[in-house]
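Listed below are the residues making up each chain.
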Amino acid sequence: MLSDAIKDQIKSAHDAFARGGYEVALAEALAILERQPKEPNATRLVGLCMGELGEPTQGATLLAQAAATSLAVCATELDPERQRFGLEWAASCLIEAAEAFQALNDHVTANELLLKSLKVGRPPLTRYLKVSEGLCEVERYHEALEVLQRAERSFPRALELLRALGAVHAALGDKMRAIQAYSAVCALKPSDQDALSRVDRLLSAKVPTWHFPMMNDLPRNEAFRAAIEARMSATTKVLDIGCGSGLLSLIAARAGAEAVYACESEPQVSRVATQVISLNELEDVIRVIPKRSTQMQLGVDLPERLDMLVCEIFDVSLLGEDALNTIEDAKRRLLKEGAKIIPCGARVWCQLVESDELRARYHVDSAEGFDLSPFNQLRDPRVLQLDLRRFDYTPLTAPCLAASFDFEGEFSQLGEAVLSTTVERAGRADGFIFWYDLILAPDEEHVMSTSPHVDGTHWMQGFAPCYDGQRQLEAGELTHFMCAYRRFLLSFKHL
Ligand SMILES: C[S@@+](CC[C@H](N)C(=O)[O-])C[C@H]1O[C@@H](n2cnc3c(N)ncnc32)[C@H](O)[C@@H]1O
């Protein structure tokens, strides 16, 4: 219980803070803490003042401390009304602390505090939305979805919640549920133009054009077919993640699979896959599940864990379609221990090159005597996808193994390696060309490569420019670079 004198002192410190007198407020709050150490109001004020006075890390830590102390005090409070008030205060203090950590770019701590705030009292809708926003900020969409689904139980028809659900479902690639959520907004508020146009955009989105060259990609199709046939037995039950047209499921069924479960996250693609499968009279063996694999459940979508995973969810950089997370999730929840995975591994290769032509794809100096270089600030930082056979380039090093993945064994979703290699030919290091091998069976008899030196596939190759500045390299010198991957991002950096 605070004495009247301390209450007056806290009020006076608050008034000073509100007037912008941070030093005065800080001195008063510190004086309170001398008399009553850890007093939450004073701790919070010290935190707020430190934030304003250029000590944001200490400020954020003190805000979190104030919340923790207040929670401890609430746990021993006997008066229910005072306890309720105290819990609300602690929750808002947790949010304040989380915002301070967000401003410091420490999203891990910020999200810990936000999630903790949901365990305090009966959270209002705004708190659930705040927590979900914090998680989305760092692409923790699955957790954000869980938070919103919990909020749905208490606030089933809240417009803001439905909008947030639509956005998270869309981010997770679950177009059907995103459409349902935004349609619910439209039903509750027919004048909501934003929700209407989102439904419209989601409904009219066409399938990406790469589907067609991919389905017509002979080296790819033959390599997958040969591996599926080699690894199939009459009792194999198969999961095809990202079935697209259903091609790999059809191959698996024809190769003798006992059953094939084909999941596809894009609703219009899964509808067409069902048509393709019945057109080819294999609907008795193949069942299409119109869902993202990460949302499938044993006992609901699959009767049991399965023996084989077939998945072709790879882009030019191997990882861009979230293959690492998808395979890891399927192994943990949907497949038998030791299940066969096609592909069972992958290797990424890279090579430093000099090339005026490739450089001209992402860089401009001058044209017609005018300096256009400011335009470089607008370039897209992602890697380029191109057919290297159509470009002139000079390799400066031998190909280097940048990363390798053992899908049937252990692999991580994060990795980085510093590679050192001898420069074989002098030149300007403009960037890295890269490609990968998909290892379709453990014996290495079935390997498909996107290398520029073999039959072209629809993936072609990747080019990661040295955006930080090109360097002149001499033959014989040792050069170093880093290859890193973080879930779906692959990056190269010349050191
Ligand atoms: C590269 S295509 C491959 C299609 C088909 N398997 C083939 O080989 O012709 C990948 C497809 O997987 C879907 N997809 C990607 N990740 C998925 C996931 N985790 N669950 C379900 N579908 C997914 C995409 O919508 C896309 O249609």
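As shown above, the structure is provided for reference.
Residues numbered from 1 in each chain as written. Predicted model: local features only at pLDDT ≥ 70, side-chain atom pairs only at ≥ 80, totals over all residues.

Caption draft 1: Just the nonpolar core, in detail. In terms of nonpolar packing, the biggest core is built from 77 residues, with A252, L309 and V348 touching the most fellow members. A total of seven residues in this core trace back to one element, the largest contributor, which is strand β14 (residues 431-439). Two domains share this core, each providing at least three of its residues, namely domain 2 (211-342) and domain 3 (345-494). Counting 57 residues, the second-largest nonpolar core is a separate cluster that includes L62, I95, L145 and L165. (Core = buried A, V, L, I, M, F, W, Y, C linked by C-beta atoms within 7 Å. Buried ≥ 20, exposed ≤ 12 C-beta atoms within 10 Å, placed from the backbone. Helix = DSSP H or I, 4+ residues; strand = E, 2+ residues; numbered from the N terminus. Domains from an automatic or database assignment.)

Caption draft 2: Just the site of the ligand, in detail. Taken together, the neighbourhood of the ligand is formed by 21 residues, with G242, G244, S265, S293 and E312 sitting nearest. Listed by contribution, the elements that provide at least two residues to the shell around the ligand are α12 (211-215) and α14 (247-254). Split by residue class, the shell around the ligand holds nine nonpolar, seven polar and five charged. (Near = placed C-beta within 6 Å. Nonpolar A, V, L, I, M, F, W, Y, C, P; charged D, E, K, R; others polar.)

Caption draft 3: Up close: the sheet that holds strand β3 (residues 286-289). Reading across from one edge, β3-β2-β1-β4-β5 is the order of the five strands in this open sheet, with parallel pairing throughout. This sheet does not close on itself; its edge strands, each paired only once, are β3 and β5 (335-342). For this sheet the average axis-to-axis angle between neighbouring strands, irrespective of direction, equals 25°. In the sheet, strand β4 (residues 306-311) pairs with β5 via four bridges, with the strands oriented parallel. Bridging from a neighbouring strand, M308 pairs with K340 of β5. (Pairing = 2+ DSSP bridges. Axes fitted to C-alpha atoms, helices over the stretch in contact; angles between N-to-C directions.)

Caption draft 4: Inspection of the sheet that holds strand β12 (residues 414-422) at higher detail. If you walk across this open sheet you meet the three strands as β12-β18-β19, and the pairing is antiparallel. Single-partner strands in this sheet number two, and they are β12 and β19 (489-494). On average, each strand axis in the sheet is inclined to that of its neighbour by 15°, with strand direction left out of account. Examined bridge by bridge, strand β18 (residues 478-486) and β19 share six bridges and lie antiparallel to one another. When the sheet's bridge partners are listed, A484 is paired in β19 with S491.

Caption draft 5: How the structure looks around the packing of helix α1 (residues 4-18) against helix α2 (residues 22-35). Where α1 meets α2, the axes come as close as 7 Å, and the angle between the chain directions of the two elements is 160°. Accordingly, the angle class assigned to the pair α1 and α2 is roughly antiparallel. Between α1 and α2 the crossing geometry is left-handed. Contact with α1, carried on its side by I6, Q9, I10, S12, A13, A16 and F17, involves Y22, V24, A25, E28, A29, A31, I32 and R35 of α2 and no other residues of that element. In the contact of α1 with α2, the residues fall into eleven nonpolar, two polar and two charged. (Parallel < 35°, antiparallel > 145°, perpendicular 65-115°, else oblique. Left-handed = near helix turned anticlockwise from the far one by under 90°. Contact = placed C-beta atoms within 7 Å.)

Caption draft 6: Region of the structure containing helix α13 (residues 218-231). Here α13 is 14 residues long and its end C-alpha atoms lie 20 Å apart, about the 20 Å a rise of 1.5 Å per residue gives. Looking at α13, one finds that the buried residues are R220, A223, F224, A227, I228 and R231. Considered in projection along α13, the buried side chains sweep an arc of 125° and stay on one side of the axis. (Expected span 1.5 Å × (residues − 1). Arc of directions from axis to C-beta.)

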